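Close look at the chain arrangement
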Amino acid sequence: MKLAMIGFGQAGGKIVDKFLEYDKRTGSEIVRAAAAVNTAKADLMGLEHIPEDQRVLIGQSRVKGHGVGADNELGAEIAEEDIDEVQGAIDSIPVHEVDAFLVVAGLGGGTGSGGAPVLAKHLKRIYTEPVYGLGVLPGSDEGGIYTLNAARSFQTFVREVDNLMVFDNDAWRKTGESVQGGYEEINEEIVRRFGILFGAGEIQQGQEVAESVVDSSEIINTLSGGGVSTVGFAEEEVEEQSSSGLLSRLRGGEGDEELDTAHTTNRITSLVRKAALGRLTLPCEIEGAERALLVMAGPPQYLNRKGIERGRKWLEEQTGSMEVRGGDYPYRGAGFVAAVILLAGVTNVPRIKELQQVAIEAQDNLEEIREESDDNLETLVNDDEDELESLF
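As a starting point, this report considers the structure included with it. (Residues numbered from 1 in each chain as written. Predicted model: local features only at pLDDT ≥ 70, side-chain atom pairs only at ≥ 80, totals over all residues. Heavy atoms only, no water.)

Examining helix α7 (residues 144–160)
For α7, spanning 17 residues, the distance from its first C-alpha to its last is 25 Å, which sits close to the expected 24 Å at 1.5 Å a residue. Listed as buried for α7 are T147, L148, N149, A150, A151, S153, F154 and F157. (Helix = DSSP H or I, 4+ residues; strand = E, 2+ residues; numbered from the N terminus. Expected span 1.5 Å × (residues − 1). Buried < 20%, exposed > 50% of the residue type's maximum accessible area, 1.4 Å probe, protein only.)

Here's what the structure looks like:
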């Protein structure tokens, strides 16, 4: 699947930068074009892989390149005002070679959480290609203002995109980890999962063709219908070629072949279960997911149709959905077999309910604090007002 990726804000820019690095490392060529948009000049300068002419600084007349200070209303206003500058970068994207747009943003800050929904709305108005969002939720320990930003951004963003894929930092941050190290690891997790998902179906010269192809239309159909999506992932290391490996055993006769087919099938079904029931990018109950897509990636001799069909059937039973697609992604030299599961249209998401509840409380507290602050200032300044004359 060929994507035009636009990272909005600090987190969004870093994730898109990481996608480009993944592309170069794996040769997957998912990112057809990339851009980063920010109100903070320093964040844009810190990127390594996004071309400099595709880094767009907005809001210079208002915030002078210093960011919006976690004010996502200001972030949205600036995005509206400077949308033509952003469009200037998008104009250089060869849209006829792109299957979809992906707008990536952290939802807790100011620039990304405010600007990403504005950009998504703009893109949908102009282009016929689907516009997807990849939103990153802040950890619950990051504070009330970030939770409030995320809740407001989430409910706006999800309405403006064709589908919002969500990654929840809360489920992935390890205790005692440095902030920078934690975010780098999280970005690696995001890119790995979505890299395999979007990379499926892309055949390079001389590459193996999948038995059951997953192409961009399968992904688009799974994401169609809107709503929220989450991704599950599980992998197992394998040795691609060794004297005791699968290839040598396959040469040992029919009995061995049947045994190895059964082993391969069992490994695939086990990985599918681990991916669906393990840590999802957005933890939720998988029952009730409207649509699902299973991608099995790895060296071709470790993939088989029977295992994928079994995994797909199990997913149908677990989700209760009749729309479960599946296929393989032959990946020579991978050293692993991985199951990636895209669950679209999920609704039973406790984290979102909790986020909204905490945000409502934070909003009420902020209003109370502002009112108190005004009263306290009045008391402080006006005590001696009768005796002192004001300058003007």
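What follows continues from the structure just given.
Observations regarding the pairing of strand β8 (residues 291–298)
Within β8, eight of the eight residues are buried, which leaves it mostly tucked inside the rest of the structure. Neither face of β8 is left uncovered, since the one carrying R291, L293, V295 and A297 and the one carrying A292, L294, M296 and G298 both have all their residues buried. Relative to strand β9 (residues 323–330), β8 is paired through eight bridges, and the arrangement is parallel. Directly across from V295, in β9, lies its bridge partner G327. Two strands pair when backbone bridges link them, and β8 and strand β10 (residues 336–344) are joined in this way by seven bridges, in the antiparallel orientation. Of the residues in β10, the one forming a bridge with R291 is A344. (Pairing = 2+ DSSP bridges.)

Some details on the side chain of R267
Tracing the chain through its elements places R267 in helix α11 (residues 254–277). Classification of R267 as buried rests on a relative accessible area of 12%. Setting aside residues up to four positions removed in sequence, R267 forms contacts with E236, V238, Y302 and V337. (Contact = heavy atoms within 4.5 Å.)

Describing the packing of aromatic side chains
Overall, the coordinates contain five aromatic pairs when judged by the stated rule. Aromatic side chains F101 and Y127 sit 4.9 Å apart centroid to centroid with 40° between the ring planes, which places their arrangement in the tilted category. Of this pair, F101 sits in strand β4 (residues 100–106) while Y127 sits in the loop between α6 (111–126) and β5 (131–137), placing them 26 residues apart in sequence. Exposure class is identical for F101 and Y127. Each is buried. Taking 6.1 Å as the distance between ring centres and 25° as the angle between the ring planes, the aromatic pair formed by F194 and F198 counts as stacked. On the criterion of helical spacing, the pair formed by F194 and F198 is a turn pair, its members being four residues apart in helix α8 (residues 179–199). Here F194 and F198 have matching classes, each one buried. Taken together, the aromatic side chains of Y329, Y331 and F336 make up a single cluster linked through ring pairs. One residue, R279, lies across the ring of W172, its end atom 3.9 Å from the ring centre. (Phe/Tyr/Trp six-rings, centres within 6.5 Å; stacked < 30°, edge-to-face > 60°. Lys NZ or Arg CZ within 6 Å of the ring centre and 35° of its normal.)

Side note on helix α4 (residues 72–81)
For α4, the set of buried residues is N72, L74, G75, I78 and A79. Seen end-on, α4 carries its buried residues on one side only, within an arc spanning 150°. Of the surrounding elements, those touching the buried residues of α4 are β1 (3–8), α3 (60–63), α5 (83–90), α6 and α7. By the N-cap criterion, in which a side-chain oxygen at the helix start approaches the backbone nitrogen of a residue two or three places on, α4 is capped by D71, the distance to E73 being 3.2 Å. (Arc of directions from axis to C-beta. Polar contact = N/O pair within 3.5 Å; in protein donor to acceptor, adjacent residues only side chain to side chain.)

Brief notes about unusual backbone geometry
In this model, E29 sits at a positive phi of 55°, which is unusual for a non-glycine residue. Take E29: its relative accessible area is 44%, and that puts it in the partly exposed class. Not every positive phi belongs to a glycine, and A70 is a case in point at roughly 65°.

Re the sheet that holds β4
On the basis of which strands lie adjacent, the open sheet formed by 10 strands has the order β3-β2-β1-β4-β5-β6-β7-β10-β8-β9 and mixed pairing. Where the open sheet ends on each side, the last strands, each with one partner, are β3 (55–57) and β9. Adjacent strand axes in the sheet meet at a mean angle of 20° when their direction is disregarded. Docked against the sheet, helix α1 (residues 9–26) engages β1, β2 (31–38), β4 and β5, running at close to 145° with respect to β1. With respect to the sheet, α7 is in contact with β4, β5, β6 (163–168) and β7 (228–237), its orientation differing from that of β6 by roughly 155°. (Axes fitted to C-alpha atoms, helices over the stretch in contact; angles between N-to-C directions.)

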